[in-house]
Amino acid sequence: MQVTIDFAKITDWSSFHSAFQESMGFPAFYGMNTDAWIDCMSCIDNPDAEMTTLTVPPGDSLDIIALNTENCMASCPEVFQGFLKSIAFVNRRFIDSNSRTRLKLIAT
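Scoring rules and cut-offs
Residues numbered from 1 in each chain as written. Predicted model: local features only at pLDDT ≥ 70, side-chain atom pairs only at ≥ 80, totals over all residues. Heavy atoms only, no water. Phe/Tyr/Trp six-rings, centres within 6.5 Å; stacked < 30°, edge-to-face > 60°. Helix = DSSP H or I, 4+ residues; strand = E, 2+ residues; numbered from the N terminus. Buried < 20%, exposed > 50% of the residue type's maximum accessible area, 1.4 Å probe, protein only. Salt bridge = Lys/Arg side-chain N within 4 Å of Asp/Glu carboxyl O.

J.: I'd like a rundown of the packing of aromatic side chains, residues and numbers included.
T.: Per the stated rule, a full pass over the model turns up 11 aromatic pairs. Centre to centre, the rings of F20 and W37 are 5.5 Å apart; their planes meet at 85°, and the pair counts as edge-to-face. Residue F20 is found in helix 1 (residues 13-24), and its partner W37 is found in helix 2 (residues 34-41); the two are separated by 17 residues along the sequence. According to the relative accessible area criterion, F20 is buried, its value standing at 0%. In this structure W37 comes out as buried when scored by relative accessible area, which is 1%. Arranged with centres 4.7 Å apart and planes meeting at 50°, the rings of F26 and Y30 form a pair that is tilted.

J.: Requested: an account of the pattern of salt bridges, with residues and values cited.
T.: Per the counting criterion, the structure on display carries two salt bridges. We note a salt bridge from D96 to R92, for which the minimum N-O separation is 3.4 Å. Taken as a pair, D96 and R92 lie in helix 4 (residues 77-96) at a separation of four residues, close to a single helical turn. By relative accessible area, D96 is classed as exposed at 55%.

Functional significance is not addressed by these values, which are geometric in nature.
So this is what it looks like as structure tokens:
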């Protein structure tokens, strides 16, 4: 499964969270912060959690296709670095719970 995020539209943390809330179908109560992003993404293989409308079958991967990352890295590097750290944190959660579900980043 894959989701595409255009990082040319990401200029700050607010636009980052808005892009992911829209693309992933995070709930209306989504906190628009890194902890909330990690919590939602940690539930991508659990539709009963109702943290995303996009569900990845347990053990599968979600390919995050990040377009135009050079724009984000130049204009708001702290957002892109935080994004990378958050992906690693979510994958560590899956590993620690003996899940084979993973987030994969494909950056252009």
